[in-house]
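Geometric and topological summary
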6 protein chains.
Amino acid sequence: MKIGVYPGSFDPVTNGHMDVIERSSRMFDRVIVSVVRNYSKKPLFTYDERVELLSRATKDMPKVEIDSFEGLLIDYLHKRNANVIIKGLRAISDFEYEFQMALINRKLDPEIETIFLMTNSQYSFLSSSAVKEVAGLGGCIAGLVPESIIRDVYLKLKQK
Amino acid sequence: MKIGVYPGSFDPVTNGHMDVIERSSRMFDRVIVSVVRNYSKKPLFTYDERVELLSRATKDMPKVEIDSFEGLLIDYLHKRNANVIIKGLRAISDFEYEFQMALINRKLDPEIETIFLMTNSQYSFLSSSAVKEVAGLGGCIAGLVPESIIRDVYLKLKQK
Amino acid sequence: MKIGVYPGSFDPVTNGHMDVIERSSRMFDRVIVSVVRNYSKKPLFTYDERVELLSRATKDMPKVEIDSFEGLLIDYLHKRNANVIIKGLRAISDFEYEFQMALINRKLDPEIETIFLMTNSQYSFLSSSAVKEVAGLGGCIAGLVPESIIRDVYLKLKQK
Amino acid sequence: MKIGVYPGSFDPVTNGHMDVIERSSRMFDRVIVSVVRNYSKKPLFTYDERVELLSRATKDMPKVEIDSFEGLLIDYLHKRNANVIIKGLRAISDFEYEFQMALINRKLDPEIETIFLMTNSQYSFLSSSAVKEVAGLGGCIAGLVPESIIRDVYLKLKQK
Amino acid sequence: MKIGVYPGSFDPVTNGHMDVIERSSRMFDRVIVSVVRNYSKKPLFTYDERVELLSRATKDMPKVEIDSFEGLLIDYLHKRNANVIIKGLRAISDFEYEFQMALINRKLDPEIETIFLMTNSQYSFLSSSAVKEVAGLGGCIAGLVPESIIRDVYLKLKQK
Amino acid sequence: MKIGVYPGSFDPVTNGHMDVIERSSRMFDRVIVSVVRNYSKKPLFTYDERVELLSRATKDMPKVEIDSFEGLLIDYLHKRNANVIIKGLRAISDFEYEFQMALINRKLDPEIETIFLMTNSQYSFLSSSAVKEVAGLGGCIAGLVPESIIRDVYLKLKQK
């Protein structure tokens, strides 16, 4: 069974992420979308909230599982019997950072492969932080994040 | 009447900014250079000081107005009856961030257009933070910022 | 009166070009879309055919004029009393070539300004040569070029 | 059964290509490496010779099949019951061209996915044309192409 | 006597840095590797610890001297009678930042030249922060930093 | 004695090249500017004419020698007892091609080092082909090439 892991901070999940999830799920027997628990930057949503938002947005995708993890990505793949890391590529700056991480992951375990999917061009320049910036200033984020989580983003930002 | 808005943090205004301002003012009936009041990074100058420095540096340009704003850029353009956002492009990393913002602004209001002017090649690699780094270490910043504000930059850095 | 010139080879015009034309025409009193007659690469359509295809595709845009020219772009702008060169930016490689030309044009006449419009993200990776490659292999190009010229592209490729 | 197609000109196959072939073969049930028969550039080896060199270089990889095709890539995938296009990414310029083609292929058939594998960093800047340039000037190409084809490259270049 | 200065934060020194040091030392009579004392980001090692790790890693290189400095790089070069700044280039984002600094340094003293060495391709995507991220999560960093300092990195991270 | 080789097609030499030559000559005991005799593209000037133009433009630089060569660059460096290849970097696309060649040259002889100098920002987007394009259309190239060769460029283009 081919299992792919799609790791990220997903704070919150955007339609660009959803596009990668949908397309990966056609290529793998199972796709584990997993919230990384060791990112240092200040998040908007807690880890558990992000898992909940992802679960809601993917509830109609039977091959997709939502999870979170701490520690080395390679160790997590071993634990989950997964053999492929899935990444979405949007832009040049992604490209460089992701290549650095893919190189290091390959050094840690050459059996684990990283594949890159091209983000749909309409999401080429979309990121979680852009979503937060727009929503935080009262702008409309319909079309940028899954409809089922729009209200959560505004509510959360109001509490800050 | 064609009105363009040139938004930025201008902390402080550099000769690269001045180049964009001068050239835009030949293309529009009025150019509003506007200090963005919601940037999170720690500034050197307060918003009001930046408005003052910009006003001094552009005092001989009748078509240029200095202002500042808070909130969504698109809302500000509506309020000021402006229809074009002006941006200077220096380098690849600018390019990506600016495209992301232009895309989102277009989604928020498709009638508002973003145009990019190429920064004069002699300012290609000039930024406000480079100015602050050099001045903070006692280096000479003549030629990097308008002459009329050089003294302010050194004074301000001494107070920090 | 503000007149912008949008120069290119337009062999053939794509929906990415159409997007730039539509958006420029909101910003200028008149937009002259002009086929450059000194490109060395082997074209699919003759200059006159390209002018004809552009005219057909823009026939409902009263502010847009189709033309062609030979020689230095700057000389052409002088002749047409235009003061702005319009360029669409799609990708990093465009960026570098276009900056080089803008620099040289600015040196030839500092009063002429080049502005860049971001190509709509759905056309980010669309080019005339991609259209010809796909159509030449029998693929579908609907959505890539204006509907009114699709048949011409297939017919022309059959004659080659 | 998951079948991936790795298309290219392979004129000749390099160790960078071999790296992508080996790694893809761990992820798919079958990998079809296929020489594209409609490239316009002047080749060093004929299509049949390139198929022969690839067959020799991959003779110990049971899941890899060598083939060639003419026409639209998407049509070829349909014919071969394959659902994934495999591409190696080396550098920024690859990135842009490959994204353009991936976009167009997705438009032609949204069920077909393109995945990108990062070329091993030691091959980041290796290309078939660099191999031909070095060998053509009498330089050593050991380590750049599979050992079993080195002699063929020199012989072929001598005949030109 | 030609003296080159290789400035950086070296927190900690990586094998990519070692590659630049070794190659520079073949080109200059003396290479001064100097820890910059005015970087604002939170370091893992203190300045003195970084000097100590660099000294240990280069102890067999007679032409290499380890030092640290505060203030303007150009002033430091004058003090040390050095005339060349050495920089390693890994990736696009390095390129832009380094060009900006080289431009400003050239403005401050046109007699001082900055040269760029290409990082060995196997270290193209290696950085001190990647080393700290991997080691901090318990991953193996052999091959990424000089063998003589591996233990120090783990020890230091445990203390944090 | 440190000898650097600055190879290129120099068809014709531009002020960007002159900037690299002047700055290199401060760093080396001798700089050999050498016209590559195996470039395939159609030149404007013959090899001998290019050597002559370079000689004229550098006649006041005692440490600079003009030469031309055929074959592998590394072999040429051996023959001339040179140990460093000098390259000017202007833009992203240069960067990729030059890195590929530097990697291959390092593989052919690890003792030979390639160094990159940043082209002066005012020449960032200047190339020989841009010069020929402008001059060929009757535009002014003063400031783009050494004054002593301007007339030659126009004369040569008239003969074509």
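Residues numbered from 1 in each chain as written. Chains lettered and ligands numbered in written order. Predicted model: local features only at pLDDT ≥ 70, side-chain atom pairs only at ≥ 80, totals over all residues. Heavy atoms only, no water.

**As for the overall build of chain A**
Applicable threshold: Note on conventions: DSSP H or I runs of at least 4 residues are helices, E runs of at least 2 residues are strands, and numbering of each starts at the N terminus. Put simply, the radius of gyration uses C-alpha atoms, and a globule should come to 2.2 Å times the residue count raised to 0.38. Burial status follows relative accessibility: with a 1.4 Å probe on protein chains alone, a residue under 20% of its type maximum counts as buried, one over 50% as exposed, and anything between as partly exposed. Only heavy atoms enter the contact rule, under which two residues are in contact if any of them lie within 4.5 Å.
When its secondary structure is counted, chain A shows six helices and five strands. Seen in sequence order, chain A has helices and strands lined up from the N terminus as β-α-β-α-β-α-β-α-β-α-α. For 160 residues, the compact-globule estimate of 2.2 N^0.38 gives 15 Å, and the C-alpha radius of gyration of chain A, at 15 Å, lies within 12% of that figure. Principal-axis analysis of the C-alpha atoms gives chain A an extent of 45 × 35 × 30 Å. Residues counted as buried form 62% of the 160 residues belonging to chain A. Here the contacts in chain A between residues at least 6 apart in sequence split such that 75% fall between residues at least 24 apart.

**Details of the relation of the copies chain F and chain E**
Test applied: What sets the superposition is a least-squares fit of C-alpha atoms, and only residues with pLDDT of at least 70 in both copies go into it.
Mapping chain F onto chain E leaves a residual RMSD of 0.0 Å; the transformation is a rotation of 180 degrees accompanied by 0.0 Å of translation along its axis. Both chain copies can therefore be described as sitting about a two-fold axis. Rotation axis and chain F: the residue whose C-alpha lies nearest the axis is F116 of chain F, separated from it by 2.4 Å. By residue overlap, the copies meet face to face through one surface: 96% of the interface positions of chain F are interface positions in chain E.

**Brief notes about helix α1 (residues 15-27) of chain B**
Residues and elements named next belong to chain B. Our working rule: What a helix is expected to span follows from its residue count: subtract one and scale by 1.5 Å. Throughout this description, a polar contact denotes any pair of N or O atoms lying within 3.5 Å of each other; where both atoms belong to protein, one of them has to be capable of donating a hydrogen while the other can accept it, and for residues adjacent in sequence the pair is counted only when both atoms sit in side chains.
The first and last C-alpha atoms of α1 sit 19 Å apart over 13 residues, in line with the 18 Å expected at 1.5 Å per residue. Summarising burial for α1: eleven of the 13 residues are buried, a large majority. Within α1, the full set of buried residues consists of N15, G16, H17, M18, D19, V20, I21, R23, S24, S25 and M27. The distance from a side-chain oxygen at the start of α1 to the backbone nitrogen of G16 is 3.1 Å, and the residue carrying that oxygen is T14.

**Thoughts on the interface of chain F and chain E**
To keep things clear, this is the line we draw: Note on terms: buried area is the combined drop in 1.4 Å-probe accessible area of two parts once they are placed together, counting the loss on both. Salt bridges are defined as contacts in which a side-chain nitrogen from Lys or Arg sits within 4 Å of a carboxyl oxygen from Asp or Glu. Amino acid classes used here: Ala, Val, Leu, Ile, Met, Phe, Trp, Tyr, Cys and Pro are nonpolar; Asp, Glu, Lys and Arg are charged; the rest, including Gly, are polar. Each pair of strands is called paired provided DSSP finds at least two bridges between the two strands.
In this complex, chain F contributes 25 residues to the contact, which on the side of chain E involves 24 residues. Taking both sides of the interface into account, the surface hidden between chain F and chain E amounts to around 2,400 Å²; carbon and sulfur atoms contribute 63%. A per-residue breakdown of the area chain F buries against chain E is headed by M27, R106 and M118 of chain F, which together make up 27% of the total. The interface formed by chain F and chain E contains four salt bridges. Between E113 of chain F and R26 of chain E there is a salt bridge whose closest N-O contact spans 3.8 Å. Taken together, the links from chain F to chain E amount to seven residue pairs in polar contact (both at pLDDT 80 or more). Tallied by class, the residues present in the side of chain F that touches chain E amount to 14 nonpolar, three polar and eight charged. One ladder, built from three bridges, connects strand β5 (residues 113-118) of chain E with strand β5 (residues 113-118) of chain F; its direction is antiparallel. Note that in β5 of chain F the partner of F116 of chain E across the bridge is F116 of chain F.

**Describing the sheet that holds β5 of chain F**
Which entries qualify depends on this criterion: A fitted line through C-alpha atoms serves as each axis, taken over the contacting stretch for helices, and the angle formed by two N-to-C directions is quoted from 0 to 180°.
Spatially, β3(E)-β2(E)-β1(E)-β4(E)-β5(E)-β5(F)-β4(F)-β1(F)-β2(F)-β3(F) is the arrangement adopted by the ten strands of the open sheet, whose pairing is mixed. Looking along the sheet, the strands with just one partner apiece sit at the ends: β3 (64-69) of chain E together with β3 (64-69) of chain F. Each neighbouring strand pair of the sheet contributes to a mean axis angle of 35 degrees, computed without reference to strand direction. One ladder, built from six bridges, connects strand β1 (residues 3-8) of chain E with strand β2 (residues 30-36) of chain E; its direction is parallel. Across the sheet, the residue bridging to Y6 of chain E is V33 of chain E, located in β2 of chain E. Relative to the sheet, helix α1 (residues 15-27) of chain E contacts β1, β2, β3, β4 (84-89) and β5 of chain E together with β4 (84-89) and β5 of chain F, its axis offset from that of β5 of chain E by approximately 120 degrees.

**Concerning the side chain of S25 of chain E**
Residue and element names in this part refer to chain E. Position of S25 among the secondary structure elements: in helix α1. In terms of polar contacts, S25 uses its side chain to reach the backbone carbonyl oxygen of E22, at 2.7 Å. When residues no more than four places from it in sequence are discounted, the contact partners of S25 are V31, K63 and V64.

**Points about empty space enclosed by the protein**
The following threshold applies: Think of a 1 Å grid over just the protein atoms. A cavity is a set of points where a 1.4 Å probe fits yet cannot get out, a pocket is an open set with protein on both sides within 12 Å along at least five of seven lines, and lining residues have an atom within 4 Å of a point. Grid points are joined across faces, edges and corners, and a volume is the space filled by probe spheres set on the points.
Scanning the entire structure with this criterion turns up twelve cavities of 30 Å³ or more. Computed from the structure, the largest cavity encloses a volume of approximately 280 Å³. Lining the largest cavity are 22 residues; nearest its centre among them are L73, Y97, M101 and N105 of chain C together with E133 of chain F. The set of elements that each furnish at least two residues to the lining of the largest cavity consists of β1 (3-8), β4 (84-89) and α4 (92-108) of chain C together with α5 (128-136) of chain F. The element that contributes the greatest number of residues to the lining of the largest cavity is α4 of chain C, accounting for seven residues. Residues of the lining of the largest cavity, tallied by class, amount to 14 nonpolar, five polar and three charged.

**What about the sheet that holds strand β4 (residues 84-89) of chain D?**
Read across the sheet, ten strands follow the order β3(A)-β2(A)-β1(A)-β4(A)-β5(A)-β5(D)-β4(D)-β1(D)-β2(D)-β3(D) without closing on themselves; strand pairing throughout is mixed. Every other strand in the sheet has two partners, leaving β3 (64-69) of chain A together with β3 (64-69) of chain D as the edge strands with one partner each. Across the sheet, the mean angle separating the axes of adjacent strands is 35 degrees when strand polarity is ignored. Strand direction decides the pairing type here: β4 of chain D and strand β5 (residues 113-118) of chain D, joined by six bridges, are parallel. In the sheet register, G88 of chain D faces β5 of chain D, and the bridge partner there is L117 of chain D. In the packing of helix α1 (residues 15-27) of chain A onto the sheet, contacts are made with β1 (3-8), β2 (30-36), β3, β4 (84-89) and β5 (113-118) of chain A together with β4 and β5 of chain D, and the angle to β5 of chain A comes to roughly 120 degrees. Taken strand by strand, helix α1 (residues 15-27) of chain D contacts β4 and β5 of chain A together with β1 (3-8), β2 (30-36), β3, β4 and β5 of chain D, and its axis lies near 120 degrees from that of β5 of chain D.

**Looking at unusual backbone geometry**
Note the cis peptide between D11 of chain E and P12 of chain E, where omega equals 0 degrees. Structurally, P12 of chain E can be placed in the loop between β1 and α1. The phi dihedral of N81 of chain C is positive, around 55 degrees, even though this residue is not glycine. With respect to the helices and strands, the residue N81 of chain C is situated in the loop between α3 (73-79) and β4. According to the relative accessible area criterion, N81 of chain C is exposed, its value standing at 61%.

**A closer look at the environment of V13 of chain B**
Residue and element names in this part refer to chain B. Its place among the elements puts V13 in the loop between β1 (3-8) and α1. The spacing of V13 and I149 is 136 residues in sequence and 8.6 Å in space, taken between C-alpha atoms. The contacts of V13, once residues within four sequence positions are left out, are M18, L54, V145, P146 and I149.

**Some words on the confidence of the model for chain A**
Rule in force here: Summary of the metric used: pLDDT quantifies the predictor's per-residue confidence within the range 0 to 100.
For chain A, the mean per-residue pLDDT works out to 88, and 96% of the residues sit at or above 70. Interface confidence for the predicted complex, expressed as ipTM, amounts to 0.84; the pTM equals 0.85.

**Things to note about the nonpolar core**
Let me state the cut-off plainly: Among buried residues, the Ala, Val, Leu, Ile, Met, Phe, Trp, Tyr and Cys ones that are joined through side-chain atoms within 4.5 Å form a nonpolar core.
Formed by 74 residues in total, the largest nonpolar core has its most connected members in V33, I115 and I141 of chain B together with V33, I115 and I141 of chain C. If sequence neighbours within four positions are ignored, I141 of chain B has contacts with V131, V134, A135, I150, V153 and Y154 of chain B.

**Considering the pattern of salt bridges**
When the charged atoms of two side chains lie near each other, side chains of opposite charge can form a pair. Within the structure shown, the criterion is met by 75 salt bridges over all chains. Across the pair D67 of chain E and R80 of chain E runs a salt bridge, and its minimum N-O distance is 2.8 Å. Taken together, the residues D67 of chain E in strand β3 and R80 of chain E in the loop between α3 (73-79) and β4 connect sequence positions 13 residues apart. Residues joined in a network through salt bridges with shared partners are D19, R23 and R26 of chain A together with E113 of chain D.

**Observations concerning the side chain of N105 of chain F**
All names here are of chain F. With respect to the helices, strands and loops of the structure, N105 is situated in helix α4 (residues 92-108). Look at N105 and you get buried, because its relative accessible area is 9%. Beyond its immediate stretch of four places on either side in the chain, N105 contacts L73, I74 and I85.

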